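# Fold and contact review
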Amino acid sequence: MKFRIIAAALAAGLAAATAHAEIVVGVSLGITGPGASLGVHYRNAFQLMGKTLGGEPVRFVILDDASDPTNAAKNARKLVSEEKADVLMGSNGVPSAVQMAQAAAEAKIPMLVMTPAVLSGNVLHWSFVVPQPTELMMSAVAEQLKAHGVKRVGYIGYSDTWGDLVYKAMQSLAKPYGLELVTDERYARSDTSVTGQVLRLMSTNPDAIVVGGSGTGAALPQVALVERGYKKAIYHNHGTVNAEFIKVGGKAVEGAIAPTGPLVVPEELPDSFPTKKVSLDFTKRYEATFGAGTRNAFAGYAYDGYLLLDAAVPAALKKGKPGTPQFHEALRTALENVKNVVGTHGVYNMDPKNHNGLDERARVLVQVRNGAWHLVKGNGQ
Amino acid sequence: MTADIVLWLAQDGVTNGAIYALLALALLLVFSVTRVIFVPQGEFISYAALSLSLLQAGQVPGVVYVLIGGGFLAALFEAGVALRDKALGRLPLVFLGYIVVPCAMAALAWWAAPRKLDLGWQVLIVLGLIVPLGPIVYRVAYQPLAKASILVLFIASMAVHYVLQGLGLVFFGGEGLRSTAFSDASFRLGVLQMSAQSLLVVLASVVVMAALWLFFGRSIYGKALRATAINRVGARLVGIRTGLAGGLSLLLAAFIGALSGILISPITTIYYDTGFLIGLKGFVGAILGGMASYPLAVVGALVLGLLEAYASFWSSAFKETIVFAIIIPPLVWLSLRSRPLEEDEEEAE
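Remember, predicted model here, so these are calculated numbers, not experimental data. Counting from 1, residues in each chain are numbered in the order their sequence is written. The order in which chains are written sets their letters, starting at A; the order in which ligands are written sets their numbers, starting at 1. Local features are withheld for residues below a pLDDT of 70 in this predicted model, meaning they are given only at 70 or higher, and side-chain atom pairs are given and counted only at 80 or more; totals for whole chains, interfaces and linings count all residues.

## Some thoughts on the overall build of chain A
Broken down by element type, chain A carries 13 helices and 16 strands. Computation of the radius of gyration draws on C-alpha atoms alone. For the globule rule, the value is 2.2 Å times the number of residues to the power 0.38. Expected size for 381 residues packed as a compact globule is a radius of gyration near 21 Å; at 22 Å, chain A falls within 12% of this value. Reported as C-alpha extents along the three principal axes, the dimensions of chain A are approximately 80 × 45 × 40 Å. A residue is called partly exposed when the number of other C-beta atoms within 10 Å of its own lies between 12 and 20, exposed at 12 or fewer, and buried at 20 or more, with C-beta atoms placed from the backbone. Expressed as a percentage of the 381 residues in chain A, the buried residues total 55%. Going along the chain from the N terminus, every DSSP run of H or I of four or more residues is numbered as a helix, and every run of E of two or more is numbered as a strand.

Spelled out as structure tokens, the structure:
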């Protein structure tokens, strides 16, 4: 009996202690480790965010998960139990983000997933995926392939989850766009040679090739293809669009085409493009802070997460104070119902069935011309 | 699969196999002299390849800090021992070897980086930066444990690997680099288009192997290393300093690692962690050769390179699985053949 009273008193005390005035956003990113080259961009974006969310003061707690999913899971639980986070954001690796999303669903707090992770069930119930789904991105490539009359497509990608994701996206797009995938070759980022895969690709004589790599790692197959005298178009995915890819690939990657968020080339977008103002503004601020030429898609995902929260928080504040389960549930509902939130990457319209909310306005095709990424003409309308 | 594809793949396999063979030799050398399974071998590859790319871009490679820091640490260790032994006469030599030489190499890199010297000089500077790391690593990480069991030394190796890889990420960043080719020339050989670069890889490997053979067969230091490898106690009895032998073997390993890195840096994109996997394949090559014979290790590494090339053509998704799975039969064979008392004998030594 006595025990029960003490427990009740303790619980009441705890509840009072957790109902705080500020909103706590718990963030875990791979700022070190193999994913660091992306994680640093995500972290930088937090410096450009405002001090409030929907008018309420906000505190960002950013932890480093060293690009390790186990650490990401630990960080997520720590952010929930010690920092009393109201919402989680992270991480820059798909496996890490999935771990965090599971922790968020357990704790019943909303989570903004900043990589194109594929989630389902109760985990997706609490999670909102900020970046464009791989299929949405690759549909830009499929459209272009169809427009150029391509039928047979060769595929070479990473022998990991990313390679699988891009391949599956192409596979599901193949039918509606009348394409046939003739190879599924795989390589690793650390391979010293892709000669075998490239010979195989060329022996099937495809009309175009799609590379499922990322960043500098995507240059390896293209360089090998060009060295072997391959002349037709080579398409990449959004993970490849950065300056390092061109630096490593040099002349061999001239002409490479890839889909990306409008954030990468905001200056070249037509004025009518819905995100032009937001994208251009963010790119300018980012480059003013971190140096010319530092623009990238990744920082935009973190910033779009912030914009989504900023749009959803006012509705949630009406239902409860930050730190309470009522607020968490209300924030989740509010995020699920955001309409026409213009981010740096696209326009978000979520509903219970769609926890991403982006449409074809969230991708453009870019091409390497004269050693830099430029908008493919006639695209981005 | 047509005949020219077979030839293309063979050429590719031999080029990679030549690198694996060099690394297999280095691993075998270090193992037989010091009983260390030298996991950090791969880091030298990454360090050298990335340093060369950075020098070509006119930047000072961050490895200079690793070199200076490691040198100071090693000097501290050595000075501590000298003080304990009351042998202060050693100090000037320690100072020269572990502080002056690394600082001089670092200064040279600083001076040379913005000047974008000829490729030959850049290669020499990279070798000068990476090779001294071998003895430094031995002095700091392995010499204090020289009498420990193979397992303890292996754990120390893993630690050194993680430390060096972590430093690599700090100083080189997460993105990969690729250096410009030594030569863009290529030769027609029947249906094959042979690039000068891959020819250079094979040639350099053969030259290094021949040089190693001469070194072990003819020179006094080479013979001392062999003696240490065959019998440590006996070698000590006839006056060979086993600590010196350890440092020398790591010096050679670092040289081979750095050379491999320099050779492959124009062929592929190198990341801070690429070297580990390449080194691991060299290790598989050495195991295919029974981890005892140098010629067999070379053959094992070449077989591995060829297998990798053909596997990447036939079933690229399973390439890595195939390459690493072939390590299992030799391991089973080795463990069936070995006497179970081996480890105890070593500890009693």
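That covers the picture; the talk isn't over yet.
## Structural notes on the environment of A49 of chain B
Here A49 of chain B lies in helix α2 (residues 41-56). On a C-alpha basis, the gap between A49 of chain B and R178 of chain B in space is 7.9 Å, while along the polypeptide they are 129 residues apart.

## Looking at the sheet that holds strand β4 (residues 87-90) of chain A
By this definition, two strands are paired if DSSP reports at least two bridges between them. Strands sit in the order β2-β3-β1-β4-β5-β6 (chain A) across an open sheet of six strands; the sheet is mixed. Sheet topology places β2 (52-53) and β6 (127-129) of chain A at the edges, where each strand pairs with a single neighbour.

## Side note on the domain arrangement of chain A
Residue and element names in this part refer to chain A. Partitioning chain A into domains gives domain 1 (2-132 + 295-362) and domain 2 (134-260). Just so you know, the domain bounds were taken from an automatic or database domain assignment. When each unit is reduced to the centre of its C-alpha atoms, the spacing between domain 1 and domain 2 is 33 Å. In this count, Pro and Cys sit with the nonpolar residues alongside Ala, Val, Leu, Ile, Met, Phe, Trp and Tyr, while Asp, Glu, Lys and Arg are called charged and the others, Gly among them, polar. Its residues placed into classes, the side of domain 1 that touches domain 2 shows five nonpolar, three polar and no charged.

## Some details on the nonpolar core
Within the largest apolar cluster, 220 residues are counted, with the highest numbers of intra-cluster contacts made by L308 of chain A together with A24, V126 and I130 of chain B. Each of domain 1 (2-132 + 295-362) and domain 2 (134-260) of chain A contributes no fewer than three residues to this core. Any two residues are considered in contact once their C-beta atoms, placed from the backbone, lie within 7 Å. When residues no more than four places from it in sequence are discounted, the contact partners of L308 of chain A are L112, F128, L335, V338, V341 and Y348 of chain A. We call a set of buried Ala, Val, Leu, Ile, Met, Phe, Trp, Tyr and Cys residues a nonpolar core when their C-beta atoms link them within 7 Å.

## Comments concerning the packing of helix α9 (residues 220-230) of chain B against helix α11 (residues 242-264) of chain B
All names here are of chain B. Interaxial angles span 0 to 180 degrees and are taken between N-to-C directions of axes, which are lines fitted to C-alpha atoms, for helices over the stretch in contact. Contact geometry of α9 with α11 gives a least axis separation of 10 Å together with a crossing angle of 110 degrees. It follows that α9 is roughly perpendicular to α11 by the angle criterion. Between α9, through Y221, A224, L225 and T228, and α11, the contact on the second element is made entirely by T242, A245, L248 and S249. Taken together, the residues that form the contact of α9 with α11 break down as five nonpolar, three polar and no charged. Here is the rule for angles: anything less than 35 degrees is roughly parallel, anything more than 145 is roughly antiparallel, 65 through 115 is roughly perpendicular, and the remaining ranges are oblique.

## Quick notes on helix α3 (residues 63-84) of chain B
Owing to its 3.6 residues per turn, the α-helix brings residues three or four apart onto one side. Residue and element names in this part refer to chain B. By this rule the span expected of a helix is its residue count minus one, scaled by 1.5 Å. Look at α3: 32 Å from first C-alpha to last across 22 residues, which is about the 32 Å you get at 1.5 Å a residue. All of the buried residues along α3 are V63, V64, V66, L67, G70, G71, A74, A75 and E78. For α3, the angular spread of buried residues about the axis comes to 160 degrees, placing them on one side. Projecting away from the buried face of α3 at angles above 90 degrees are the exposed residues G80, L83 and R84. Buried residues belonging to α3 abut α2, α4 (91-112), α5 (119-130), α6 (133-142) and α7 (150-172). Immediately beyond the C-terminal end of α3, within one or two residues, lies K86, with a positive phi of roughly 55 degrees. This arc describes the spread of directions from the helix axis toward the C-beta atoms.

## With respect to the interface of chain A and chain B
Between chain A and chain B, the residue contacts involve 26 residues of the former and 28 residues of the latter. Listing elements by their share of the side of chain A that touches chain B, those giving two or more residues are α2 (36-46), β9 (185-187), α8 (195-203), α9 (219-227) and α10 (243-249) of chain A. Top element by residues in the side of chain A that touches chain B is α8 of chain A. It accounts for six residues. Of the residues assigned to the side of chain A that touches chain B, the class counts are eight nonpolar, 13 polar and five charged.

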